[in-house]
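An overview of the molecular structure
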Amino acid sequence: EDQVTQSPEALRLQEGESSSLNCSYTVSGLRGLFWYRQDPGKGPEFLFTLYSAGEEKEKERLKATLTKKESFLHITAPKPEDSATYLCAAGGGSQGNLIFGKGTKLSVKP
Amino acid sequence: DSGVTQTPKHLITATGQRVTLRCSPRSGDLSVYWYQQSLDQGLQFLIQYYNGEERAKGNILERFSAQQFPDLHSELNLSSLELGDSALYFCASSGSGRSYNEQFFGPGTRLTVL
């Protein structure tokens, strides 16, 4: 069964304390791994797409990486405004649509 | 701002009723996707339309239906509403019919069924 699992469910960091969020996937025929940021009560905001193992993408304090079984979202020196839920989604699988994980809720304290 | 618009922002209704949610995709995008997000289930794909035609179906209940009009806006119809249908409903759009291209999400409609 196609599945995307994110860990941890919640992460509390101090401002400036770097960390990583994990997204593991079991999807046949992966066609892309997507990262989104979602603020409370708002729609997910697109961050990155990764297509092949070894690929990396960066945006400000965020860097996404991809292996054959998982993806990581590394957050370097986070700020309070980075607090949000981060969703990953795998494209492909038996239905050919995006399969979302349940997200990691990140809280960054000043 | 993703360029995807959804109306209404909030909707409160009673069990057994029917509601219609509306979505306008980003300019130039041909695909519209509908998702349901509840607290315990996360984002669940419901249905995709591409240039007016149904392209893919996910876990959409038979009480729910959707369509995409010639101007590419889409409507999601929910009928015989139950308490469990209370959720955030998002639409997303993309430029192609392939769902594994980037999808851009609207602000959502919060549905409360009392």
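Above this text is the structure in question.
Here goes a summary of the coordinates provided. Residue indices follow the written sequence of each chain, beginning from 1 at its first position. Numbering of ligands from 1 and lettering of chains from A proceed in the order in which they are written. Given that this is a predicted model, residues contribute local features only at a pLDDT of at least 70 and side-chain atom pairs are listed and counted only at 80 or more, while totals for whole chains, interfaces and linings are drawn from all residues. Excluded from the side-chain calculations are hydrogens and water; all other atoms, namely the structure's heavy atoms, are used.

This part is about the sheet that holds strand E7 (residues 64-68) of chain B. Residue and element names in this part refer to chain B. At least two DSSP bridges between two strands are needed for those strands to be called paired. Only DSSP runs of H or I reaching four residues or more are called helices, and only runs of E reaching two or more are called strands; each is numbered from the N terminus. The 4 strands lie next to each other as E1-E3-E8-E7, forming an open sheet whose pairing is antiparallel. Looking at which strands have only one partner, the edges of the open sheet turn out to be strand E1 (5-7) and E7. Across the sheet, the mean angle separating the axes of adjacent strands is 15° when strand polarity is ignored. As judged from the 5 bridges shared by strand E3 (residues 19-24) and strand E8 (residues 74-78), these two strands associate in the antiparallel manner. Across the sheet, the residue bridging to Cys-23 is Ser-74, located in E8. Structural elements are reduced to axes, namely lines fitted to C-alpha atoms, with helices fitted over the stretch in contact, and the angle between N-to-C directions of any two is expressed from 0 to 180 degrees.

What follows is about the state of the cysteines. In this description, the term disulfide denotes a pair of cysteine sulfurs within 2.5 Å. This structure, assessed with the given rule, holds 2 disulfides over all chains. A sulfur-sulfur distance of 1.9 Å marks the disulfide that ties Cys23(A) to Cys88(A). One disulfide, between Cys23(A) and Cys88(A), carries an S-S torsion of 70° and so falls in the right-handed class. Separated by 65 residues along the polypeptide, Cys23(A) in strand E3 (residues 19-26) and Cys88(A) in strand E9 (residues 84-91) bring together distant segments of the chain. Cys88(A) matches Cys23(A) in its accessibility class, with the two residues each being buried. For Cys23(B), the disulfide goes to Cys91(B), at an S-S distance of 1.9 Å. The sign of the S-S torsion, about 65°, decides the handedness of the disulfide formed by Cys23(B) and Cys91(B): right-handed. Placement of Cys23(B) in strand E3 and of Cys91(B) in strand E9 (residues 87-94) is noted, with a sequence separation of 68 residues between them. Each member of the pair, Cys23(B) together with Cys91(B), is buried. Relative accessibility under 20% of the residue-type maximum defines a buried residue, over 50% an exposed one, and the middle range a partly exposed one, all with a 1.4 Å probe and only protein chains included.

We now examine the pattern of salt bridges. When a carboxyl oxygen of Asp or Glu lies within 4 Å of a side-chain nitrogen of Lys or Arg, that pair is called a salt bridge. Taken as a whole, this structure holds 7 salt bridges over all chains when the rule is applied. A salt bridge links Arg37(A) to Asp39(A), with the shortest nitrogen-to-oxygen separation between them at 3.1 Å. Here Asp85(B) ties to Arg63(B) by a salt bridge, and the two come within 2.8 Å at their closest N and O atoms. Linking Asp85(B) in the loop between E8 and E9 with Arg63(B) in the loop between strand E6 (53-57) and E7, this pair joins segments that are 22 residues apart in sequence. Of the two residues, Asp85(B) and Arg63(B), neither departs from the other in class, the shared state being buried.

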